Amino acid sequence: MPLAVHLDHVSKRFRLGSQQEYGRLTEAVARQLLRWFRQPTPSATNSRMRDGWFWALENIDLSIESGQIVGIVGRNGAGKSTLLKLLARIITPTQGRVGVLGRVGSLLEVGTGFHPELTGRENVFLNGAILGMSRREIRTRFDEIVAFAEVNEFLDTPVKHYSSGMAVRLAFSVAAHLEPDVLIIDEVLAVGDQAFQQKCMGKAEELRTQGRTVLLVSHNLASVANLCNRAILLQNGQLVDDGPPPQIIDRYLRESIGVEGIKKWSLEESPATDRYRLHSISVHSHSTQDPPRCDVDIDRDILIRIAYEILKPNSSATVAIRIRDDSASNILWSTNAHSMNLGTDDCYAQSLKPGLYQTTCRFPANFFNDRRYFASVSIGLAPGIVELHEESVISFHVHDTGAMRKEYSGSWQGPSIRPRLEWRSAPLPTNDFDSEGSAQP
């Protein structure tokens, strides 16, 4: 297959801060002298910030064949969006060469390429023209674009009156139906509802079967695992791994979380808002008095403890956790809202004083299957109001040892949870069966 994308030693840097690069000649000379005589600290030498420049990408080599769907995985700030903007020709590389074969369709932000004062109809033709299509070609696909986006009744309404979901639906429909050779999709699909996300994934698969290339950035790792046939991992602006999605997702999750049953932050590094500060999250077996551990017995209760600080007075704290399994599928979501009387008319009724707090969620024994799980945590004022979120910050592995039950079941194929529920069996009298042998209700 021919190459659709090729990057050769590509690097991109940005000037951070408000330092003005222009002005009088004496100011420019003074700035340059300061750079020459400034002694870099060891931390500055080893970081992505050097000599006043932030290196978003460094020395990227990448080749993608036509017909591949490639997921790009990495933490926030790893350089994913910068890479997509280079491929979409929005920005140019500082070093190296970027080659993309054919027409590029991109969806990098809500309403990408849309003029807010123009109607949806006018923006379809505008985007088509930007992609290099003739008016006749756009008209040929116009009805299909509108039907896919499901915005028929708003077609002649200015886009500035669209909701974010409507704008994304129309933008994706335009980008996908105007026959791009390479379709670039950033995290914006998360704005759409679940049904539309499924339509988008189906369309991406259709494009792949037509020999077109799709690049996808998403924190929904299940989408990457299920849709993509290849994934790459970016860390600190560098491409560190390239291979099958399960391999890349596993490495990403393992390297992004604590591996000793506890994730603690220093005061300088702790995730924080003006209302909350997260100090640690830990996994315990049987009791929080026991030390944190990343390997737990299936026959013991599992406790996840979140330590945090409230910084503002009269604040409530709704703590929620989300559990994913080793295939990146969401297993469950739970919150402490019911324990804080947040179901009343005043959902902020239980206000807390500033200070340190801990919240613990207990899972019963024999609830999870024998496999690895990843926990995310969020804190906010009420359910649905999230102010602080940390994705997949810690992992734990549930082991079925059979030590307490004197039996070993191993890992069950398929499900991620396998609770031991109450079952009862008892004989039925023969007169409870009908003539065909079926039990009477």
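Scoring rules and cut-offs
Residues numbered from 1 in each chain as written. Predicted model: local features only at pLDDT ≥ 70, side-chain atom pairs only at ≥ 80, totals over all residues. Heavy atoms only, no water. Helix = DSSP H or I, 4+ residues; strand = E, 2+ residues; numbered from the N terminus. Buried < 20%, exposed > 50% of the residue type's maximum accessible area, 1.4 Å probe, protein only. Areas by Shrake-Rupley, 256 points an atom, 1.4 Å probe, with all protein chains shown as cover. Pairing = 2+ DSSP bridges. Axes fitted to C-alpha atoms, helices over the stretch in contact; angles between N-to-C directions. Salt bridge = Lys/Arg side-chain N within 4 Å of Asp/Glu carboxyl O. Phe/Tyr/Trp six-rings, centres within 6.5 Å; stacked < 30°, edge-to-face > 60°. Parallel < 35°, antiparallel > 145°, perpendicular 65-115°, else oblique. Left-handed = near helix turned anticlockwise from the far one by under 90°. Contact = heavy atoms within 4.5 Å. Nonpolar A, V, L, I, M, F, W, Y, C, P; charged D, E, K, R; others polar. Polar contact = N/O pair within 3.5 Å; in protein donor to acceptor, adjacent residues only side chain to side chain. Expected span 1.5 Å × (residues − 1). Bend = angle between axes of the 7 residues up to and from the residue. pLDDT = per-residue confidence, 0-100.

*Asks:* Help me understand the overall build of the chain in this model?
*Replies:* A tally of regular secondary structure across the chain gives nine helices and 19 strands. Looking at the chain as a whole, 46% of its 441 residues qualify as buried. Per element, the accessible surface of the chain, about 23100 Å² overall, is 51% carbon and sulfur.

*Asks:* In this structure, what is going on with the sheet that holds strand β10 (residues 238-243)? I would like to understand it.
*Replies:* The sheet built from six strands is open, its strands ordered β6-β7-β8-β4-β9-β10 with mixed pairing. Every other strand in the sheet has two partners, leaving β6 (104-107) and β10 as the edge strands with one partner each. With strand direction ignored, the average angle separating the axes of adjacent strands in the sheet is 15°. Note that strand β7 (residues 182-185) and strand β8 (residues 213-217) share four bridges and pair parallel. From the neighbouring strand, I185 faces β8, where its bridge partner is L216.

*Asks:* Help me understand the pairing of strand β9 (residues 230-235), please; the structure alone is not making it clear to me.
*Replies:* Each regular strand displays side chains that alternate between the two surfaces of the sheet. Extensive coverage of β9 is indicated by the burial of five of its six residues. In this structure, strand β4 (residues 69-73) lies alongside β9, joined through four bridges in parallel fashion. Within β9, the residue paired with I72 across the bridge is I232. Where β9 meets β10, five bridges bridge the pair, whose relative direction is antiparallel.

*Asks:* I'm lost on the pattern of salt bridges in this one. Help?
*Replies:* Side chains that carry opposite charge are capable of pairing whenever their charged atoms lie near each other. Inspection of the entire model under this criterion finds eleven salt bridges. Note that E391 and R322 form a salt bridge whose closest N and O atoms lie 2.4 Å from each other. Here R322 lies in strand β15 (residues 318-325) and E391 lies in strand β19 (residues 385-399), a separation of 69 residues in the sequence. For R324, the salt bridge goes to E391, with nearest N and O atoms at 3.0 Å. Here E391 lies in strand β19 and R324 lies in strand β15, a separation of 67 residues in the sequence. The buried category is assigned to R324, whose relative accessible area is 6%.

*Asks:* I'm lost on the packing of aromatic side chains in this one. Help?
*Replies:* Given two aromatic rings, their pairing is described by the distance between the two centres and the angle made by the two planes. A complete count under the given rule lists eight aromatic pairs for this structure. On the basis of an interplanar angle of 20° and a centroid distance of 6.2 Å, the ring pair of Y308 and Y357 is categorised as stacked. With Y308 in strand β14 (residues 302-310) and Y357 in strand β17 (residues 355-363), the pair connects residues that are 49 residues apart, well separated along the chain. The exposure class assigned to Y357 is partly exposed, which follows from its relative accessible area of 26%. A network of ring pairs unites the aromatic residues F363, F367, F368, Y373 and F396 as a single cluster.

*Asks:* In this structure, what is going on with the packing of helix α4 (residues 120-130) against helix α5 (residues 135-149)? I would like to understand it.
*Replies:* At a minimum axis separation of 10 Å, α4 and α5 run at an interaxial angle of 130°. Between α4 and α5, the angle falls in the class oblique. Considering only the axes of α4 and α5, their crossing is right-handed. Contact residues: α4 offers R121, V124, F125, G128 and A129, while α5 offers R135, I138, R139, F142 and I145. Looking at the contact of α4 with α5 residue by residue, the classes come out as six nonpolar, one polar and three charged.

*Asks:* Quick question: what am I supposed to make of the sheet that holds β19 here?
*Replies:* Hydrogen bonds between backbone atoms are what pair the strands of a sheet, whose relative direction is either parallel or antiparallel. Taken in spatial order, the five strands of this open sheet run β13-β19-β18-β15-β16, and their pairing is mixed. Each edge of the open sheet carries a strand with a single partner, namely β13 (295-297) and β16 (330-335). Shown here is a sheet whose adjacent strand axes are inclined to one another by a mean of 30°, direction ignored. Across three bridges, the pairing between β13 and β19 is parallel.

*Asks:* I keep staring at the side chain of R371 and nothing clicks. Help me out?
*Replies:* Looking at the element boundaries, R371 is found in the loop between β17 and β18 (372-382). A distance of 3.0 Å separates a polar atom in the side chain of R371 from a polar atom in the side chain of S416.

*Asks:* I keep staring at the pairing of β8 and nothing clicks. Help me out?
*Replies:* With respect to burial, β8 is a largely interior element, five of its five residues being buried. Neither face of β8 is left uncovered, since the one carrying T213, L215 and V217 and the one carrying V214 and L216 both have all their residues buried. One ladder, built from four bridges, connects β4 with β8; its direction is parallel. Bridge pairing in β8 links I72 to V217.

*Asks:* What is the right way to read α5 from this model?
*Replies:* Since one α-helical turn is 3.6 residues long, residues separated by three or four positions face the same way. In a regular helix each residue adds 1.5 Å, so 15 residues correspond to 21 Å; α5 covers 20 Å between its end C-alpha atoms and thus fits that length. Along α5, the helix axis deviates most sharply at R141, where the bend reaches about 45°. When α5 is considered as a whole, its buried residues turn out to be I138, R141, F142, I145, V146, F148 and A149. Phi turns positive one or two residues past the end of α5, at E150, with a value near 60°.

*Asks:* Looking at this structure, I do not really get the confidence of the model for the chain. What am I missing?
*Replies:* It should be kept in mind that the predicted coordinates are not to be read in detail where pLDDT is low. In the predicted model, the chain carries a mean pLDDT of 79, and 79% of its residues have values of at least 70. The least confident element of the chain, judged by mean pLDDT, is helix α2 (residues 42-46) at 40; the most confident is β14 at 94. Note that pLDDT drops below 50 for residues 40-46; the model gives that stretch four contacts with residues more than four away or on any other chain. This stretch, residues 342-349, has a pLDDT under 50; its non-local contacts, to residues over four places away or in other chains, come to eleven contacts.

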